[in-house]
Each structure stands twice: as structure tokens, then as C-alpha cells.
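# Architecture and fold: a report
Listed below are the residues making up each chain.
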Amino acid sequence: MAFNRRELLMEALTALSTQSRALDAIVVVDNASDDGSGDAVRANFPDIDLVTLKRNTGGAGGFAAGMAHALKVHDPTWLWLMDDDTIPTASAAAELLSAVEAQPGVSIAGSRVIWTDGRDHPMNTPREKPFVSRAERAAAVQAGTLAVRSSSFVSMFVSASAVRQAGLPVADYFIWNDDFEFSTRVLRDSLGIFVPASVVVHKTKLLGSTDLDPGERFFFEVRNKVWLMRHSRGLKAWEKAMYGASSIRRWIRTIRRSQQRPVLWSGLRRGLSEGSRTRPKSNESYFADLNVVADAVAQVEAARDRA
């Protein structure tokens, strides 16, 4: 998924094109970039499948559109999702594939995410699945992986059959919590793993977690988390209580540490209000004006409804 990071996009596509396990196809969703990203893809990677959207649908919409297009056009077995600031190391894809082949029943596998200096990126640090069973933990350990309950779009390997059954990310989230909602929905009744042997570099400007003074974007964190708790099928009731309490603690910590407290207090109020009063649009409605992907999105969501 790409938006106005042309140079990083070129670096990411070079890394994808030189994987030790060659990829069957690469789909780039250009989210209405105005920095020449689309032209750069056409000039430097003419064989790549470029989907150009006429408006910015956010990270959530970009991933939903790209997944729907890939499922319709390429009929993959696995989808590897990442942003345009994710640079995979040469063996990243091969390690993900090896890990899921070693553990039948896995629907999602995530890579180890490091920053430019080689340190683990705190924005994408995995946690072991709460109350994981002994059998699931033992199987993960034997394969050199970790059992997890959620995964990040920074580098997520997801079964195409699982997407057809669970549906796409909720595009109306725009940014934040879209990958958490999607992955917990997929993994509610299936297995997820973290694969430390698969390494990608997340080239963010700063090394920090998502609660590092988010500014205006804090609104999306709050609204989307409320939407998730109210409407998503991803979490069970006890999980909503656990993750909800954790979110409230993190919001308080974020506001206390912020240099923009009035902005964050405003985002908190607006997020709580909109999250409580509204619900996210359906993906069919969200993409209705984007003919390039509307039919593909509708097909995936219809398949989910039949599952």
C-alpha cells in the first residue's frame, strides 16, 4: 500500500523483486499519491500490478482494496501485506512460507520488525497469545515461532482462504487499529504466529511506539478502538475487557506524556463521541465510487457472507 513515499516505495519494490523465494505477483495500491509514486512504478517496475485509487482511502482502505484485487485477479494461496516504508530482507518471504508450512492450521504469520539501526521496532513488538494452550505454545516453540493473537500490516502473511471466510479489513477505520481488528477477527478461531527468522525493516522517521505523541491522529485511535469493541467479531467478551482496559491505560499515559495535550484531549472527546454514536460503513459502501476495485470488494464480502 503506497501513499506519497516514492523513494521508499522504490526501495521496497526492489527488495520484493529480489526475494530468495520469488513472489508470484506484486500488487501496489497507489492511494491517490501526488508525488509521482504511480509513474515511478510504471517506469521502473512495468510488470507489477498497479491499482490507482482516485482518493486516499487510508491504510485500512488501501489494504482492503489491494487484498480484494489480488484475490480476484491472481487467486493466491497466501497474501503478504506491507506498507511502502517496509523493506523486507532477502529471505523474509521464504521464512514466512517455511513457518506456515511447518504448522498446519496457521492463518496469519508476522515478521520480526526492526528499525534502521537493527533494534526491534517498539511499534511492532509481538506479545504471546494470552492464555495460550500448552500444545499451541509447544508447537510454536518447536517451529521457532511464537503463538500470537494479533499481527501487524507492517508485514503480515495471511491465508487467502481465511480472508474469504473472515472478510476484508474495515476500510472506514482509515488508519489505526485496522490490522488489529482484522487479524483478531481472522485468528478468533485459527492460529497466528510470529516468525523471528523473517525480518523486515520498518523505516519510520523515529523509533517509537504508536503512542509517541500522535497528534490529530489520536482521534482515529480512540474512535476505531470504540468501534472495534462495539462492532467487531474479532474479540471475545473477556478479551474486550482485557484489551479495553489496556487501551484506557495507554490513552492516559499518551496524554500525560504529550506536548500537545489540548489536541489529544480533543481527539479523545471526538473519538469517544463518534465511536459511540456511529458504526463503520460497509466496505461495499466505502468503495462504491471507486470502480477500479468496487466489484472485487463486493465479491470478497459476498463470499464472507456465504461462509
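Here, the structure is the one placed above.
First, a word on scope: everything that follows refers to the structure included in this document.

## Section: the overall build of the chain
Across its full length, the chain carries twelve helices and eight strands. Rg of the C-alpha trace for the chain: 19 Å, near the compact-globule value of 19 Å for 307 residues, within the 12% margin. Principal axes of the C-alpha set define a box for the chain whose edges measure 50 × 45 × 45 Å. The buried share of the chain, reckoned over its 307 residues, is 53%. Accessible surface, the chain as shown: approximately 14,300 Å² in total, 52% of it carbon and sulfur. Here the chain holds 39 positive side-chain charges and 35 negative ones, and the gap between their average locations is 9 Å.

## What to know about the pairing of strand β5 (residues 106-114)
Two faces belong to every sheet, and in a regular strand the side chains alternate between them. The buried count for β5 comes to eight of nine residues, which makes it a mostly enclosed element. Pairing of β5 with strand β8 (residues 191-202), which is carried by eight bridges, proceeds in the parallel orientation. By the bridge assignment for β8, Val-106 is matched with Leu-191. Both β5 and strand β7 (residues 156-159) contribute to a ladder of three bridges, which runs antiparallel. Residue Ala-109 lies in a different strand from β7, and its bridge partner there is Phe-157.

## A short note on the packing of helix α8 (residues 218-231) against helix α9 (residues 237-257)
Helices that pack against each other are described as a pair by the angle of their axes relative to one another and the distance between those axes. Across the interface, α8 lies against α9 with an axial gap of 11 Å and an inter-helix angle of 165 degrees. By the angle between their directions, the pair α8 and α9 is classed as roughly antiparallel. The hand of the α8/α9 crossing is left-handed. Residue-level contacts link Phe-218, Glu-221, Val-222, Lys-225, Leu-228 and Met-229 of α8 to Lys-240, Tyr-243, Gly-244, Ser-247, Arg-250, Trp-251, Thr-254 and Ile-255 of α9.

## With respect to the packing of helix α1 (residues 6-17) against helix α2 (residues 37-44)
Between α1 and α2, the least distance of the axes is 9 Å, while the angle of their chain directions is 30 degrees. Note that α1 runs across α2; the crossing there is right-handed. Two secondary-structure elements touch here, α1 through Arg-6, Leu-9, Met-10 and Leu-13 and α2 through Ser-37, Ala-40, Val-41 and Asn-44. For the contact of α1 with α2, the class distribution of residues is five nonpolar, two polar and one charged.

## Concerning the environment of Thr-278
You can see Thr-278 is positioned in the loop between α10 (261-277) and α11 (283-286). Note on Thr-278: relative accessible area 26%, which makes it partly exposed. For the pair Thr-278 and Arg-223, spaced 55 residues apart in sequence, the C-alpha to C-alpha distance is 9.4 Å. Residues in contact with Thr-278, not counting those within four places in the same chain, are Trp-227, Arg-230 and His-231.

Rules of the game
Residues numbered from 1 in each chain as written. Predicted model: local features only at pLDDT ≥ 70, side-chain atom pairs only at ≥ 80, totals over all residues. Heavy atoms only, no water. Helix = DSSP H or I, 4+ residues; strand = E, 2+ residues; numbered from the N terminus. Rg over C-alpha atoms; globule rule 2.2 N^0.38 Å. Buried < 20%, exposed > 50% of the residue type's maximum accessible area, 1.4 Å probe, protein only. Areas by Shrake-Rupley, 256 points an atom, 1.4 Å probe, with all protein chains shown as cover. Lys, Arg positive; Asp, Glu negative; His and termini not counted. Charge placed at Lys NZ, Arg CZ, Asp CG, Glu CD. Pairing = 2+ DSSP bridges. Axes fitted to C-alpha atoms, helices over the stretch in contact; angles between N-to-C directions. Parallel < 35°, antiparallel > 145°, perpendicular 65-115°, else oblique. Left-handed = near helix turned anticlockwise from the far one by under 90°. Contact = heavy atoms within 4.5 Å. Nonpolar A, V, L, I, M, F, W, Y, C, P; charged D, E, K, R; others polar.

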